[in-house]
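Working through the structure, step by step
Below, each chain spelled out in residue letters.
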Amino acid sequence: MSDPTTSGLSRRDLLKKSGQIAAASALAGIAIPHVHAGENHTIQLALVGCGGRGTGAAENALSTKLGPTKLVAMADVFTDRLSDSYKQLKDTGVAGQVDVPESRKFIDFEAYKKAMDCLRPGDVVMLTTPPAFRWVHFTYAIEKGLNVFMEKPVAVDGPSARKMFKLGEEAKKKNLKVGVGLMCRHCAVRHQLLDRIRSGQIGDLLLLRAYRLAGPTAKESAPPKPDGITELLHQIRWFHSFLWASGGCYSDFLIHHIDECCWMKGAWPVSAKGSGGREYKNGDHDQNFDTYSIEYTFGDGTKLYLEGRTIPGCFQDFASYAHGTKGGAWISKDGHSPAKCRIFKGQKMEKHDTKEIVWRYPSKDEPNPYQLEWDDLMAAIRGDKPYNEVERGTEASLVSAMGRMAAHTGQELTRDQMFRCEHEFAPEVDKLTMDSPAPVQADKEGRYPVPQPGRKRTREF
Ligand SMILES: NC(=O)c1ccc[n+]([C@@H]2O[C@H](COP(=O)([O-])OP(=O)(O)OC[C@H]3O[C@@H](n4cnc5c(N)ncnc54)[C@H](O)[C@@H]3O)[C@@H](O)[C@H]2O)c1
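This structure is a prediction, so every number in the text was calculated from the model and none was measured. (Residues numbered from 1 in each chain as written. Predicted model: local features only at pLDDT ≥ 70, side-chain atom pairs only at ≥ 80, totals over all residues.)

1. Focus on the pairing of strand β2 (residues 69–76)
The buried fraction of β2 is high, at seven of eight residues. As paired strands, strand β1 (residues 43–48) and β2 are joined by six bridges and run parallel to one another. Opposite Leu-47, over in β2, you have Met-74 as the bridge partner. Where the polypeptide runs from β1 across helix α2 (residues 52–62) and back to β2, its parallel neighbour, the crossover connection is right-handed. (Buried ≥ 20, exposed ≤ 12 C-beta atoms within 10 Å, placed from the backbone. Helix = DSSP H or I, 4+ residues; strand = E, 2+ residues; numbered from the N terminus. Pairing = 2+ DSSP bridges. Right-handed = clockwise from strand over helix to strand, strands pointing away.)

2. Observations concerning the site of the ligand
Taken together, the neighbourhood of the ligand is formed by 26 residues, with Gly-49, Gly-51, Arg-53, Arg-81 and Glu-151 sitting nearest. Residue assignment for the shell around the ligand shows that the elements contributing at least two residues are α2, β2 and α4 (111–117). The greatest single-element share of the shell around the ligand, amounting to three residues, is contributed by α2. When the residues that make up the shell around the ligand are grouped by side-chain class, the tally is 13 nonpolar, seven polar and six charged. (Near = placed C-beta within 6 Å. Nonpolar A, V, L, I, M, F, W, Y, C, P; charged D, E, K, R; others polar.)

3. Describing helix α12 (residues 390–409)
A rise of 1.5 Å per residue sets the reference length of α12, with its 20 residues, at 28 Å; its end C-alpha atoms lie 28 Å apart and thus fit the reference within 8%. Among the 20 residues of α12, 20 are classified as buried, and the element is accordingly described as predominantly covered. Directly after α12, the chain includes Gly-410, whose backbone phi takes a positive value near 75°. (Expected span 1.5 Å × (residues − 1).)

4. Observations regarding the domain arrangement of the protein
One can read the domain layout of the protein as domain 1 (11–184 + 370–388) and domain 2 (186–367 + 398–431). Summarising the inter-unit geometry, the C-alpha centres of domain 1 and domain 2 are found 26 Å apart. Residue-level contacts link 23 residues of domain 1 with 36 residues of domain 2. Residue assignment for the side of domain 1 that touches domain 2 shows that the elements contributing at least two residues are α6 (158–173) and α11 (369–383). (Domains from an automatic or database assignment. Contact = placed C-beta atoms within 7 Å.)

5. Regarding the nonpolar core
Ranked by size, the top nonpolar core spans 124 residues in total, and within it Leu-45, Ala-46, Ala-115, Val-125, Met-126, Val-148 and Ala-329 carry the most contacts. No other element matches the 10 residues that helix α10 (residues 248–265) contributes to this core. The residues that make up this core include at least three from each of domain 1 (11–184 + 370–388) and domain 2 (186–367 + 398–431). Excluding residues that lie within four positions of it along the chain, Ala-46 makes contacts with Val-72, Ala-73, Ala-115, Met-116, Cys-118, Leu-119, Val-125 and Met-126. (Core = buried A, V, L, I, M, F, W, Y, C linked by C-beta atoms within 7 Å.)

Here it is as structure tokens:
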């Protein structure tokens, strides 16, 4: 199992390293050393999955300052998504680095191959589709000798997690650098908090709590499938609604909170139990619960309590908290960035009780972790440093799936049971074409199979 405290190269090493690289190249006017064999040392990029995050990731990649970068190819399964993304990128400060003529824009389920074929070994592909396709696209990237940035989650079930662990090892053997979009791990302020927790400032950690209590979010509550779109493409368009595509809203939305808590704890949970329900769903047009309440247990018996909700009109919170024998901490508050990390003398940790605050970092000065994760990846590529976040990203995805499955089945589940679980949500995901049937089918009323805790105990639907 991966060590939740590490990320291959520490942030401090990377910052030191990138500082050295930048200084050396500026002073000597020489080329920066990296594994790339291209004659002009420009790192070329391809974007696979041109949605909201893919477009943002491309902008972050092109904004890195360690050497020239250029976006040369784009792939999607929807023409409108690709052209919107292209237009958005052409409207940013990095527009001059976007060199994607019509001949390098690809649409269909094989588009990822065509986009990666435009790259040379040592270039970077961004895998920002729904997670179901991660192992498929990553397999081809490794074959082509490409460095990779991939969004979280990287797996949705036991079988896809097992594939990703193996692929991560193959990428390591080929010295490929792989970043996983758990950007909070690159947050400079959370790193300071971690150092303080490790040095004992809040004593021994006894309890972690995390909440993503919001109204309806993103694509987690699909409407009935409209006419004029295939069932498969409808499910991809509403990927948070379908467990095969995303791991559902639990995996997709809660993974950051789970990961940052485990990072602070320095361990992954060994088991989970929990509950949830579909209180306010208007027809079964998606497979999610709208409330989740999970108790994760670590090997030493301490707990992480996690709550997720997507119901309007309720109390809201978006935060992770740590409780120690000598005080407490906000790991994050009101969103992922700025983190608003704080250390408090006691356990109340109330916003306005400034007398209780022992340490804080001014939020307005907080660097953007979505940019830092790219600065770190590019520093590793150009400095040829080991950099592979796959094991850690897969463990976070697996532990997320464990909590989700515990709620969906109503059973207590261990991490190893989740790892060995044979229910593969979309076994043929690598063979999909535009005409394929969708991995999950609706009944005559357009309802999809939903979890039934206590009734379906060994599979989620
Ligand atoms: N790190 C973060 O904070 C963060 C934030 C948002 C999203 N994400 C992650 O990014 C990923 C994408 O999320 P999003 O919000 O951008 O969704 P999105 O729907 O906006 O984008 C996904 C894109 O991938 C395309 N696509 C789907 N299947 C494809 C395939 N087989 N081949 C090529 N293209 C395909 C879709 O058409 C769409 O354009 C998810 O894994 C999500 O969890 C991470």
